[in-house]
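Understanding the architecture of this molecule
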Amino acid sequence: MAEEILLFGAWGSPFSRRVEMALKLKGIEYKYIEEDITNKSPSLLKYNPVHKKIPVLVHNGKPVAESLVILEYIDETWKDSPILSKDPYERANARFWAKFIDEKCLSAIFKACWGEEKEHEKAVEEASELLQFLENELKEKRYFGGETVGLLDIAANIIGYWLGVFEEASGAELLTREKFPKLCNWANEFVSVSAIKENLPPRDKLIAYLRNRFGVGTTSK
Amino acid sequence: MAKNDVKLLGAWPSPYVLRARVALNIKSVKYEFLEETMAPKSELLLQSNPVYKKIPVLIHGDKPICESQVIVQYIDEAWTSGPSILPSDPCDRAIHRFWAVYLDETWFPTMKSLLVVQAEERKPLMDQLSEGIVLLEEAFGKCSKGKAFFGGDGIGFLDIVFGCFLGWLRVSEKITGLKLLDEAKTPKLVKWAESFCADAAVKGIMPETDKLLEFARVLAAKRREAPPKN
């Protein structure tokens, strides 16, 4: 049976890129549809009526939404190059930290980059505390997933690439080598993996977009 | 397996803790329940959940697992004898997980707000909840395929995520006088709620609505008494 895999995404979205990274790691062919989030397509509204958001993966007509849910679906459907360990505790760990990144890190990073000036120092401190948890979690591993890129590495794409771009666009300084040597090393390793590198939005384009949308940030260099 | 190999840090009013307990019951796992007073938080809680400092925390051997949905999935994967909690088909699993995220990130936060806002601010929240419950009624139809639970014949992941909030849902209904689950609008979910609460894995550990109501009243009184935080 011919498989049909569609991905509705947005070029700059780390959530959308997560799905592409996983598909690429597993060597899965798919058709990509770029969504203009200011003018959502009828297809997107049909496939994700609850949230009307990207990414949405449509596999043989059946939609799957929510990036972390999609990552697990991909891992369970295409078993080559697994992104989750078989061990229940390691799986729980990956899920816990992935949720942590989405629930806490992104908004804290955002606040530190584009929040109110008078709150800036406190915002940087809070974001740093969160990054410290991830620094500690990495330990001596090459990737969060161990020897190979796993679900948590993919979920941490925000830290691995987007954070650096946010910093450059806003002038904020968060992921320093001095404070977070392991995370910095990991970020370099992460973006060097071909399945990841091929799926990173162009830096300059992203910086321009961010500055246009959110301003030049609280700390201008 | 020794009972003290599995510990659950929790508190009786918490719907999140209830999720872990239902899952452990489904798998017939013996565990030690350590009731947390939450004020002050125990050393064990602070050590085993340094990120959030919240319950529930499952401690299996010496390994802590946090976040109720992560815990339930862990229980399903660590104890493989006994009924499965997540469905076996990846598509069905994705559907259960999608609605579980929707409940925890969208629906329940709105329901919780209902308990703390002034009466005149309730209408827009109720409207949001009503729209959401219709979606959940539809989802139930699709997931259950005519059977008693989202998981089919037996309680599944989405049943646990949603069902463990039924006590608090009923408290919301009593406090506001507004119906969230309704025979006319959500007949399937009304029936499902009965089946869930009557299930052997749930009955006996689901807190009584009156006790929760009293707990909610005490909490609200404390909030009124406490000086405003700046």
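Residues numbered from 1 in each chain as written. Chains lettered and ligands numbered in written order. Predicted model: local features only at pLDDT ≥ 70, side-chain atom pairs only at ≥ 80, totals over all residues. Heavy atoms only, no water.

- Going by what an unreviewed UniProt entry lists, chain B is known as glutathione transferase and is assigned to Lithocarpus litseifolius.
- Its UniProt record gives chain B the following Sequence similarities (unreviewed entry) comment, quoted word for word: "Belongs to the GST superfamily. Tau family." (UniProt positions renumbered as here; feature names shortened; annotations may be inferred.)

- Per an unreviewed UniProt entry, chain A goes by glutathione transferase and derives from Lithocarpus litseifolius.
- Quoted verbatim from the Sequence similarities (unreviewed entry) field of the UniProt record, the comment on chain A reads "Belongs to the GST superfamily."
- Quoted straight from UniProt, the Catalytic activity (unreviewed entry) entry for chain A says "RX + glutathione = an S-substituted glutathione + a halide anion + H(+)".

**Some points on the interface of chain B and chain A**
- In this assembly, 24 residues from chain B lie in contact with 24 residues from chain A.
- In total, about 2,200 Å² of surface goes out of reach between chain B and chain A, with carbon and sulfur atoms giving 70% of it.
- The largest share of the area that chain B buries against chain A comes from Val51, Tyr52 and Phe98 of chain B, three residues that together contribute 25% of it.
- The tally of links between chain B and chain A comes to 6 salt bridges.
- The closest approach of N and O atoms between Glu76 of chain A and Arg97 of chain B, which form a salt bridge, is 3.1 Å.
- Our count for the chain B to chain A interface comes out at 7 residue pairs in polar contact (both at pLDDT 80 or more).
- A total of 10 residues in the side of chain B that touches chain A trace back to one element, the largest contributor, which is helix 4 (residues 90-116) of chain B.
- Among the residues making up the side of chain B that touches chain A, the classes are represented as 17 nonpolar, 2 polar and 5 charged. (Contact = heavy atoms within 4.5 Å. Buried area = accessible area lost by both parts, 1.4 Å probe. Salt bridge = Lys/Arg side-chain N within 4 Å of Asp/Glu carboxyl O. Polar contact = N/O pair within 3.5 Å; in protein donor to acceptor, adjacent residues only side chain to side chain. Helix = DSSP H or I, 4+ residues; strand = E, 2+ residues; numbered from the N terminus. Nonpolar A, V, L, I, M, F, W, Y, C, P; charged D, E, K, R; others polar.)

**A short note on the packing of helix 1 (residues 14-25) of chain A against helix 3 (residues 67-77) of chain A**
All names here are of chain A.
- Two elements in contact, helix 1 and helix 3, have axes separated by 9 Å at closest approach and are oriented at 10°. Our classification of the angle between helix 1 and helix 3 gives roughly parallel. Residues Phe15, Arg18, Val19, Ala22 and Leu23 of helix 1 form the contact with helix 3, whose own contacting residues are Ser67, Leu68, Ile70, Leu71 and Ile74.
- Class assignment of the residues belonging to the contact of helix 1 with helix 3 gives a composition of 8 nonpolar, 1 polar and 1 charged. (Axes fitted to C-alpha atoms, helices over the stretch in contact; angles between N-to-C directions. Parallel < 35°, antiparallel > 145°, perpendicular 65-115°, else oblique.)

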